[in-house]
Every structure is written in C-alpha cells, then in structure tokens.
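# Descriptive structure summary
One letter stands for each residue in the lines below.
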Amino acid sequence: MIYLDNSSTTQPDNAVLESFIAANLEYYANPASLHRMGRETDVLLRRAKEQMLQLVDNREGEVVITSGGTESNNLALIGFAMAYRSRGKHVITTKIEHPSVLLACKHLETLGFEVDYLSVDEQGVISIDELDEKLRKDTILVSIMHVNNELGSIQPLAACAELIHKKSRAVFHSDCVQSIGKLPVNMQHLGVDAITVSAHKFNGLKNTGALFLKKGIKPQAIMHGGGQENGLRSGTVSVPNAVALAKALRLSVVEKERADYRTWRNRVLETCTKYENIQVLCPENSAPHIVSLAFRGIKGEVAVNYFQENGLIVSTSSACSSKNGQAGHVIEAIGLHNRFKNGVVRISFGNTTTDEHIEQLVSVIERFIDVIEKGM
C-alpha cells in the first residue's frame, strides 16, 4: 500500500527511534533528581531543548515539552488567557483552527472571555483588514494557525504579527503543527510569540510535542503537580521523548533534503483541473505537501475506499463527518458548494513518497472520475 495520509501522522524515522531507545537505555533517571545520573539526564534534556530552540530561531526563549499538539494548544490558549486576564478578556482566533484551539476558546467563553472568530475566503485565508477591525485595546491573545490541516492554506503570519504588536499588547500564538518541517518556521521572521509543534507530524513519535515561547512570554500552568518545566507542565519529563523530538526536528528542518512536494502537487492538480467533477480546494500558494480535492455528488468515504482498493491510503477531510453526513467547520467556512462538500478527500505527501507513487495516484484519480461519470 502507498501511504498518502501524512498530514494525519507520519512513519517514525529510524534515526528517531534509535535515539529514543538509546536515551531510554542510558538516560532513564529522573532529570529532577540531585544524584549524578539525574544531573546527567538533565544535561541531555537541556541540550535537546537548546537544539530545538536554535532550529526555530528562538535561542533566548523557552520550550515546554508536552504530550503533543492538543496539549500545547490548550496550554497556549487557556494558559495565556488566564495569565493576562488582568489586561482584558478579549481573544481572537479563526473559524478554521484545529478543534484543540476552537474548543479551548469555547471553554474560555464559559469563563467570561469574549472570543472573535475571523472568517476566511474561499481559499481558506483570513483578511488582514478584518483582523485590524477586531483588534482592541483589551485583546490579550490572538491565535492563528500557520497551515490549515485540511486545505493547506497558509496564513500571512508576519503581516498579522506586525499589526497585532502595533495595535495591542496581545500575545500572538500560532499552531504550526502542519507547517514545521514542510515550510520554514522561524519565530523571529514570522513575528510570533509562541508556536505549537507535534512530533508525529514530522516523522517523530506520537504523544510528544512542544510549545515554544519567546523570552518574557509565559502562560499560566493548566496542570498542577511537581512544578516541572519551569512550573508550566508538571509531571516527570520524558527525556527520551525530548531527545527524539529534537532529532526529528533536526532531520526535518536541516539534515534531510526536502522532498519535491511542489512538483508532486502540481502534477496532481494538472490532472484534476481537466475534470468538471473534481474541485481543487487547496489554494494556489498553499503548503506543497497537502492536496485537498472535492468530488462531485459522492461521499468522501466512497473515494477513500476506492483509492484503498487500488493500493492508496488517503483520508477524508476531517471536516466531513461520516456519522452525520454533514460538512465540518472548515468546509463550511470556505463556502463549498453543496454538490461537492461531502466528497472531500485530503492527500498528503511525506518523506516516503516517490515519483512512482504520484503517477499511480494520478492514474487512480483518472479511473475514479471515469467511474463517477459512468454512474451519473
């Protein structure tokens, strides 16, 4: 089977697994312990963090090791809102964020915070003008994802950051789960104050993530206990997971030659634009590793099953619920026509993808369209 669902999760790199096993075998002591083995483990943890901070150009900042993107986003959204609530209770995000952001915002609303949700155009991109209109003196937090997990649309973070920091004292957080390792994620260039990453999206291990914080920016802890991670994330730190995260990040950002995602994406899109029964949802300037397609008059699950029968693993857009047949929040936000909205399929490339895989994908798409047209 050819795996093309890398935006959902990726295959762990062998070098990452090796680093994880080696750290478990030798550096298994608690890094908070005062004995020699504890101190040695703590040194390894600090080195892993220093490496990660360098890779995102946040050398003077801090990185908090978490269980993944969901925890990092919750720590950012709830933690920052609670930490800076004396300045105001206004939060801004977008309508197409990951549920771990949107549901954290819904929770904040129950605590008396006011949340504005920015709309997006048909390409899935926010309006800087709307952000300008929504920013207020009491805005304390803005959270805008870098790359949308369903469409691949890229938000103009640098322009957002310039406006946010000019007009408010708000902390600017970005969910970079889908961009890290695929696009340059440089905190200084992007102008963000905090970013979320998740290791299993770039050939690392599941249940490992991080929240990167610029110097002087600190959320309130949402977990309470022994005060690990400078009081931000209690619980014994898994040093092997941190080491594996640093390894995966270095491999994806520096050491490995980038896959030819853009060429593959263009090859697929050239094929799809020939047909009236496919609508391409990913914007022209979207992230190159995600191709989002909508098939007319069918359910996404039908397409997924057909692709699987022909040796390809792809996914339905997570916006489409197979249980209730209704399009989800991202598809609704871009205003996709009813004839297409339930037939959304996401194809996402990774470091195991090859030119041959793409040619087989194109062939299957063409055959599937023929099946659809014959059934109409």
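As a starting point, this report considers the structure included with it.

## Description of the packing of aromatic side chains
A complete count under the given rule lists seven aromatic pairs for this structure. Note on phenylalanine 80 and tyrosine 84: the rings are 6.3 Å apart at their centroids and 20 degrees apart in plane angle, and the pair reads as stacked. Like tyrosine 84, phenylalanine 80 is buried. Ring geometry for tryptophan 264 and phenylalanine 349: centres 5.8 Å apart, planes at 85 degrees, overall edge-to-face. Separated by 85 residues along the polypeptide, tryptophan 264 in helix H9 (residues 261-272) and phenylalanine 349 in the loop between strand E13 (344-348) and helix H12 (355-375) bring together distant segments of the chain.

## Brief notes about the environment of glutamate 97
Residue position: glutamate 97 is located in the loop between strand E3 (90-94) and helix H4 (99-110). Counting along the chain gives 53 residues from glutamate 97 to glutamate 150, while the straight-line C-alpha distance between them is 10.0 Å. Beyond its immediate chain neighbours, meaning those up to four positions away, glutamate 97 contacts Leu102, Ser143, Ile144, Met145 and His329. Reaching out from glutamate 97, the side chain makes a polar contact with the side chain of threonine 94 at a distance of 2.8 Å.

## Some words on the sheet that holds strand E2 (residues 62-66)
The seven strands lie next to each other as E2-E8-E7-E6-E5-E3-E4, forming an open sheet whose pairing is mixed. Each edge of the open sheet is held by one strand with a lone partner, namely E2 and strand E4 (114-118). Neighbour to neighbour, the strand axes of the sheet diverge by 20 degrees on average, direction disregarded. The strands touched by helix H2 (residues 36-55) are E2 and strand E8 (209-213); relative to E2, the strand with the most contacts, the crossing angle is about 115 degrees.

## Regarding the pattern of salt bridges
What the rule picks out here adds up to twelve salt bridges. In this structure, the salt-bridge partner of arginine 346 is aspartate 5, at a minimum N-O distance of 3.5 Å. You can see arginine 346 sitting in strand E13 and its partner aspartate 5 sitting in the loop between strand E1 (2-3) and helix H1 (14-26), a full 341 residues away along the chain. The pair formed by arginine 346 and aspartate 5 is uniform in burial state, with each residue classed as buried. The shortest N-O distance in the salt bridge between arginine 46 and aspartate 42 comes to 2.8 Å.

## Quick notes on the pairing of strand E7 (residues 194-198)
Most of E7 sits inside the fold, with five of its five residues counted as buried. As paired elements, strand E6 (residues 171-175) and E7 share three bridges and run parallel to each other. Paired with serine 174 across the strands is isoleucine 195, a residue of E7. Of the strand pairs in this sheet, E7 and E8 are connected by five bridges, and their pairing is antiparallel. Note that in E8 the partner of valine 197 across the bridge is alanine 210.

## With respect to the nonpolar core
Core analysis: the largest hydrophobic core is formed by 60 residues, its most contacted members being Leu131, Val142, Ile144, Phe172, Ile195 and Phe212. The biggest single contributor to this core is helix H8 (residues 239-255), with nine residues. Not counting residues within four places of it along the chain, the set of residues in contact with valine 142 comprises Ile92, Leu131, Leu135, Ile164, Ala170, Val171, Phe172 and His173.

## Concerning the packing of H2 against H8
A pair of packed helices can be characterised by two numbers: the angle between their axes and the separation between those axes. Between H2 and H8, whose axes approach to 9 Å, the crossing angle comes to 25 degrees. Classified by the interaxial angle, the pair formed by H2 and H8 is roughly parallel. Both H2 and H8 take part in a crossing whose hand is left-handed. Residues Thr41, Leu44, Leu45, Ala48, Gln51, Met52 and Leu55 of H2 form the contact with H8, whose participating residues are Val239, Ala242, Val243, Leu245, Ala246, Lys247, Leu249, Arg250, Val253 and Val254. Of the residues contributing to the contact of H2 with H8, the split by class is 13 nonpolar, two polar and two charged.

## Here's the deal with H2
Taking 1.5 Å per residue as the helical rise, H2 with its 20 residues ought to reach 28 Å, and the 29 Å between its terminal C-alpha atoms agrees with that figure. Within H2 the residues assigned to the buried category are Gly38, Thr41, Asp42, Leu45, Ala48, Lys49, Met52, Leu53 and Leu55. All buried residues of H2 project into a common sector of 160 degrees when viewed along the axis, lining one side. Every exposed residue of H2 that faces more than 90 degrees away from the buried side is listed here: Arg36, Arg46 and Arg47.

## Brief notes about the packing of helix H10 (residues 300-309) against H12
In the contact formed by H10 and H12, the axes pass within 10 Å of each other and the chain directions differ by 125 degrees. Accordingly, the angle class assigned to the pair H10 and H12 is oblique. Once H10 is placed against H12, the crossing between them reads as right-handed. Where H10 approaches H12, its residues Val302, Ala303, Tyr306 and Phe307 are matched on the opposing element by Leu361, Val364, Ile365, Arg367, Phe368 and Val371. When grouped by side-chain class, the residues that make up the contact of H10 with H12 number nine nonpolar, no polar and one charged.

## Digging into the pairing of E13
With five of its five residues buried, E13 lies for the most part within the structure. Pairing geometry for strand E10 (residues 290-295) and E13, over five bridges, is antiparallel. When the sheet's bridge partners are listed, serine 292 is paired in E13 with arginine 346.

## So, the environment of leucine 232
Residue position: leucine 232 is located in the loop between E8 and H8. On the accessibility criterion, leucine 232 (2% relative accessible area) is buried. Taking the C-alpha atoms as reference points, leucine 232 and serine 72, 160 residues apart in sequence, are found 11 Å from one another.

Calculation notes
Residues numbered from 1 in each chain as written. Predicted model: local features only at pLDDT ≥ 70, side-chain atom pairs only at ≥ 80, totals over all residues. Heavy atoms only, no water. Phe/Tyr/Trp six-rings, centres within 6.5 Å; stacked < 30°, edge-to-face > 60°. Buried < 20%, exposed > 50% of the residue type's maximum accessible area, 1.4 Å probe, protein only. Helix = DSSP H or I, 4+ residues; strand = E, 2+ residues; numbered from the N terminus. Contact = heavy atoms within 4.5 Å. Polar contact = N/O pair within 3.5 Å; in protein donor to acceptor, adjacent residues only side chain to side chain. Pairing = 2+ DSSP bridges. Axes fitted to C-alpha atoms, helices over the stretch in contact; angles between N-to-C directions. Salt bridge = Lys/Arg side-chain N within 4 Å of Asp/Glu carboxyl O. Core = buried A, V, L, I, M, F, W, Y, C linked by side-chain atoms within 4.5 Å. Parallel < 35°, antiparallel > 145°, perpendicular 65-115°, else oblique. Left-handed = near helix turned anticlockwise from the far one by under 90°. Nonpolar A, V, L, I, M, F, W, Y, C, P; charged D, E, K, R; others polar. Expected span 1.5 Å × (residues − 1). Arc of directions from axis to C-beta.

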